[in-house]
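One letter stands for each residue in the lines below.
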Amino acid sequence: MKKIILTMLAVAFATSFAISQSVDDGIKFIYYQRLKSAKDVLQKVVASKPKDASSIYWLGQAYIADDQLDSAKTIYQNALNGGINDPWIWVGMGHVQILENNDVNSAKQKFEQAITATKGKGKKGANNPDILTAIGRAMADGSSQQGDPQYGIDKLKEAADIDKANPAISVLMGICYLKQGSEKGGAAVEAFTEATRRNPQYAAAYYRIGKVYESQNNVEFMNEWFGKAIAADPAYAPVYLEYFQYYKERDVNVAKEYLDKYVANADKDCTTDYFVADYLYRAGKNEESIAKAKEMESGQCKDYIRVNILYAYNYNKLGDSVAAYNAVQKFFASPAGKSDTTATDFVIGATVASKMGQTDSAVAYLQKAYDMDTSKQHKSAYIDSISNIYKRAKKYQERLQWVQKAYALNPNPSNRDVYDLGEAAYFAGNYQLADSVFAVYEQKFPDQIYGPMWRFKVAQAADTSMEKGMIVQPANDYLNFLKQDSTKYKSTLIQVHGVLAGYYANVAKNKDSAIYHLEQILVYDPANPDAQRYIDLLKKPATKQSTEKSPAAKPKTKPKTGSK
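The paragraphs below set out a description of the structure included in this document. Fair warning: this is a prediction, and the values are worked out from it, not measured in the lab.

### A few points about the state of the cysteines
Scanning all chains against the criterion turns up one disulfide. In this model Cys270 forms its disulfide with Cys301; the gap between the sulfur atoms is 2.0 Å. For the disulfide bridge between Cys270 and Cys301, the dihedral angle about the S-S bond is near -100 degrees, and by the sign convention the bridge is left-handed. A residue pair is termed long-range when its members are at least 10 positions apart, and Cys270 in helix 15 (residues 270–282) and Cys301 in the loop between helix 16 (286–298) and helix 17 (307–317) qualify at 31 residues. Like Cys301, Cys270 is buried.

As structure tokens, then:
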């Protein structure tokens, strides 16, 4: 589950000064994603002031940020059952409902009830900006399929007009924009930039801008904005973790440097242990990584479900597909695996499922990764993986559908993109589409063989008896290309001339054309006995001509399917 950035600024709670300070400390720990510390502080606050609704709300937020949705739900429900019928609790329960089953309508009813109950408690009788911000936080949380980001934006804009200092409002607004799709990336960056104007030391805003550029694979701008986040607040651990995640598959030594900085600024808890074990996996120290995972399981982290993802990665690397698959199934069967997943979790699930021959499961995992990931580049990679799985499984119709999706994502398709679409259409038996695609290939890349070659193959497959004469033009176009280097393409020239000789001899009943193509075979292979023999047969008077047919008259019903 995405960790939502929360405000560092004080929230106006109707509590004693001492309690307020402690709550603010908890909020700051959530902001820094030091969630163990946040829960410790807020649990003490709630224990000392069990009826304080705002303190209960923030403890629930700490649980949500730490992927403990059930704990958040319990504390909010217990508060309601205990007679704390307060707007903060209503908003907290609505937040849980969105993440639990995406019950947006029920959540909105609670949010509107909270707004009405606190109306007039903002500046000049306006709505309470803290309640509005909490509503926006709920809508910003979760995947792009959860919540109503536009509703969140509307409430956050209202909060921003009332409270012109709180940078968290703008950050949450930017996250809501991102949930609406990549086309709202510009609006998101502007919202994050507004947060930096509100508070130049608010590292989360710079970090969020860096993540936008990271999703666009713009490393220069990513580094610029991540650098600004570190300069604004060197204690902001999430930026070091993001750098670790970025480099762990690119440069494990650089990744280790950022991991060390993350650990130095983060809580020492199951999460930091997990990332240390993850680093060991990335460094090729699989046995050490497994040992670290087992250590976690035997201690305070025995219920940390992501340990199974570690097992899946390591056992997959060690070639134990059964153990890897069992770990994946255990993870996805858990409550966390059903709600708190990343795109990479689904990718490892797909990898081990594919190795176990579970094609449908592998594709289902990749489809979930595709739906979750906002990166256009990553989406293309998921599509490629899905189409390759279907290709290996010989499910050509399904493969074609995904290759078409990949093609539609690219406004400037490369020769590889065009080729893949044409080949997928060919194997799916959609010869009309295949021919039109390779016609485009032939036009855009006239110096490459694949356009005329595949149009020839498609014509053979579409008209196996050759009675429609579909083979003639593609074969002649193919010959014209091959003749540019008769030495290199000698054997193919002989084959294509043979096909045309068979067509003219047995289908079109044109002896002269058949003889011409057989004579062309002798140009490239003067000693070819079959070509000369059938020329002699065709030249005999009709009354004496043998009924023997040329081998060329028996074209292969399914041409060889070479690959690029």
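### Points about the pattern of salt bridges
Counting across every chain of the model gives 25 salt bridges. The salt bridge involving Lys39 is made with Asp66; its shortest N-O contact spans 2.6 Å. Of this pair, Lys39 sits in helix 2 (residues 35–48) while Asp66 sits in the loop between helix 3 (53–65) and helix 4 (69–81); the two residues are 27 residues apart in sequence, bridging distant segments of the chain. Of the residues examined, Lys39 reaches a relative accessible area of 12% and is grouped as buried. Residue Asp360 is joined to Lys395 by a salt bridge in which the shortest nitrogen-to-oxygen separation is 3.3 Å. One end of the pair, Asp360, is in helix 21 (residues 359–372); the other, Lys395, is in the loop between helix 22 (376–392) and helix 23 (396–409), and 35 residues separate them in sequence. The exposure class assigned to Asp360 is exposed, which follows from its relative accessible area of 54%.

### Some details on helix 23
Over its 14 residues, helix 23 runs 20 Å from end to end, which matches the ideal 20 Å to within 8%, given 1.5 Å per residue. Those residues of helix 23 that fall on the buried side of the exposure criterion are Arg399, Leu400, Trp402, Val403 and Ala406. Against the buried residues of helix 23 lie helix 21, helix 22, helix 24 (415–427) and helix 25 (431–444).

### Section: the packing of helix 13 (residues 237–247) against helix 14 (residues 252–265)
Two numbers describe how helix 13 lies on helix 14: the axes approach to 8 Å, and their chain directions differ by 160 degrees. Relative to helix 14, the element helix 13 lies roughly antiparallel. When the axes of helix 13 and helix 14 are compared, the crossing they make is left-handed. Between helix 13, through Ala237, Tyr240, Leu241, Tyr243, Phe244 and Tyr247, and helix 14, the contact on the second element is made entirely by Val252, Val254, Ala255, Tyr258, Leu259, Lys261, Tyr262 and Asn265. Residues that form the contact of helix 13 with helix 14 fall into these classes: twelve nonpolar, one polar and one charged.

### Quick word on the nonpolar core
For soluble globular proteins, the rule of thumb is that nonpolar side chains tend to be buried together. Tyr76 and Phe111 are the most contacted members of the largest nonpolar core, which totals 135 residues. Element by element, the count of residues in this core is highest for helix 3, at nine residues. Counting residues in each nonpolar core, the second largest holds 49 residues, with Ala459, Val496, Leu518 and Ile535 among its members.

Rules of the game
Residues numbered from 1 in each chain as written. Predicted model: local features only at pLDDT ≥ 70, side-chain atom pairs only at ≥ 80, totals over all residues. Heavy atoms only, no water. Disulfide = S-S within 2.5 Å. Helix = DSSP H or I, 4+ residues; strand = E, 2+ residues; numbered from the N terminus. Buried < 20%, exposed > 50% of the residue type's maximum accessible area, 1.4 Å probe, protein only. Salt bridge = Lys/Arg side-chain N within 4 Å of Asp/Glu carboxyl O. Expected span 1.5 Å × (residues − 1). Contact = heavy atoms within 4.5 Å. Axes fitted to C-alpha atoms, helices over the stretch in contact; angles between N-to-C directions. Parallel < 35°, antiparallel > 145°, perpendicular 65-115°, else oblique. Left-handed = near helix turned anticlockwise from the far one by under 90°. Nonpolar A, V, L, I, M, F, W, Y, C, P; charged D, E, K, R; others polar. Core = buried A, V, L, I, M, F, W, Y, C linked by side-chain atoms within 4.5 Å.

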